[in-house]
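Summary of the model geometry
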Amino acid sequence: EPEVTQTPSHQVTQMGQEVILRCVPISNHLYFYWYRQILGQKVEFLVSFYNNEISEKSEIFDDQFSVERPDGSNFTLKIRSTKLEDSAMYFCASKEQGNEQFFGPGTRLTVL
Amino acid sequence: TQLLEQSPQFLSIQEGENLTVYCNSSSVFSSLQWYRQEPGEGPVLLVTVVTGGEVKKLKRLTFQFGDARKDSSLHITAAQTGDTGLYLCAGANAGGTSYGKLTFGQGTILTVHP
């Protein structure tokens with residue numbers, strides 16, 4: 001069964017460093033998302049991506065964040081200068097035209 | 001800002017008991033999805049409800065979408081220890097300026113004791 005994959009599973013970085021989180025959505029899906037979940041808190045929407053551009057973003061998704069779909073299969077989230085408060089699980093999700101979003105296993109980002 | 005309030009936050013029951021988890025909002029959603037999440041893993045989709053009043057069954061799990069599409073419930077009959085986990089509801093709006101972003105509830109941690 002097709003699934004969303006994410007790498008790495010765990011990323012440890014120093015404050016101020018850039019990180020790139022990678023996702024491979026399900027191949028025939030058209031809509032792509034990033035969410036994050038700070039430990040003990042709700043899953044929060046960051047950004048949606050459709051037709052090679054950002055379609056919607058939350059107030060969390062500031063100038064330090066960017067997304068890219070460089071080659072038609074990968075979908076990346078870049079954080080330019082990480083802060084301690086960026087430590088969280090980051091989930092990629094994708095869907096076709098319908099309602100159902102399928103999530104990847106997540107990347108645990110730890111900022112020291 | 002759309003909010004989804006999920007209750008209860010914690011539920012601890014004995015095997016064989018029935019339980020219901022509620023998800024409520026003042027906002028209308030075009031669809032509502034229920035997920036289950038294991039520690040350190042991503043949410044796994046259980047079901048999507050779309051039509052007001054819709055009821056869907058998945059073995060011992062029954063999902064209902066409110067008539068006004070503002071609330072939903074998950075009912076588990078004769079709970080088993082394997083049902084232990086975190087259950088999340090998430091509402092979506094499609095169309096207009098929304099591209100299906102999900103608004104999540106805070107989750108219900110279910111523990112089923114043998």
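Please refer to the structure higher up on the page.
Here goes a summary of the coordinates provided.

What counts as what
Residues numbered from 1 in each chain as written. Chains lettered and ligands numbered in written order. Predicted model: local features only at pLDDT ≥ 70, side-chain atom pairs only at ≥ 80, totals over all residues. Heavy atoms only, no water. Helix = DSSP H or I, 4+ residues; strand = E, 2+ residues; numbered from the N terminus. Buried < 20%, exposed > 50% of the residue type's maximum accessible area, 1.4 Å probe, protein only. Contact = heavy atoms within 4.5 Å. 1 Å grid on protein atoms, 1.4 Å probe; cavity = no way out; pocket = protein on both sides within 12 Å on 5 of 7 lines; lining within 4 Å. Points joined across faces, edges and corners; volume = space filled by probe spheres on them. Nonpolar A, V, L, I, M, F, W, Y, C, P; charged D, E, K, R; others polar. Disulfide = S-S within 2.5 Å.

Let's shift gears to the environment of glutamate 17 of chain B. All names here are of chain B. On the secondary structure map, glutamate 17 appears in the loop between strand 2 (10–14) and strand 3 (19–24). In this structure glutamate 17 comes out as partly exposed when scored by relative accessible area, which is 37%. When near neighbours in sequence (up to four residues on either side) are disregarded, glutamate 17 contacts Ile76, Thr77, Ala78 and Ala79.

A few words on the layout of surface pockets. Looking at the largest pocket, its volume works out to about 600 Å³. Considering only residue class, the lining of the largest pocket consists of ten nonpolar, eleven polar and four charged. Estimates place the volume of the second largest pocket at around 460 Å³. Lining the second largest pocket we find 15 residues, and of these Phe45 of chain A together with Thr1, Gln2, Lys101 and Thr103 of chain B sit closest to its centre. Secondary structure elements with two or more residues in the lining of the second largest pocket: strand 5 (43–50) of chain A together with strand 10 (98–104) of chain B. When residues in the lining of the second largest pocket are grouped by element, the largest group, four residues, is from strand 10 of chain B. Here the lining of the second largest pocket is composed, by residue class, of seven nonpolar, four polar and four charged.

For the structure on display, the rule yields two disulfides over all chains. Here cysteine 23 of chain A engages in a disulfide with cysteine 92 of chain A; their sulfurs sit 2.0 Å apart. Its torsion about the S-S bond being -65°, the disulfide of cysteine 23 of chain A and cysteine 92 of chain A is classed as left-handed. Here cysteine 92 of chain A lies in strand 9 (residues 88–95) and cysteine 23 of chain A lies in strand 3 (residues 19–24), a separation of 69 residues in the sequence. By relative accessible area, cysteine 23 of chain A is classed as buried at 1%. Disulfide pairing places cysteine 23 of chain B opposite cysteine 89 of chain B at an S-S distance of 1.9 Å. Here the disulfide of cysteine 23 of chain B and cysteine 89 of chain B is right-handed, its torsion about the S-S bond being about 70°. In this pair, cysteine 23 of chain B sits in strand 3 while cysteine 89 of chain B sits in strand 9 (residues 85–95), placing the two residues 66 residues apart along the sequence. According to the relative accessible area criterion, cysteine 23 of chain B is buried, its value standing at 0%. A residue is classified by how much of its surface remains accessible, and cysteine 89 of chain B, at 0% relative accessible area, is buried.

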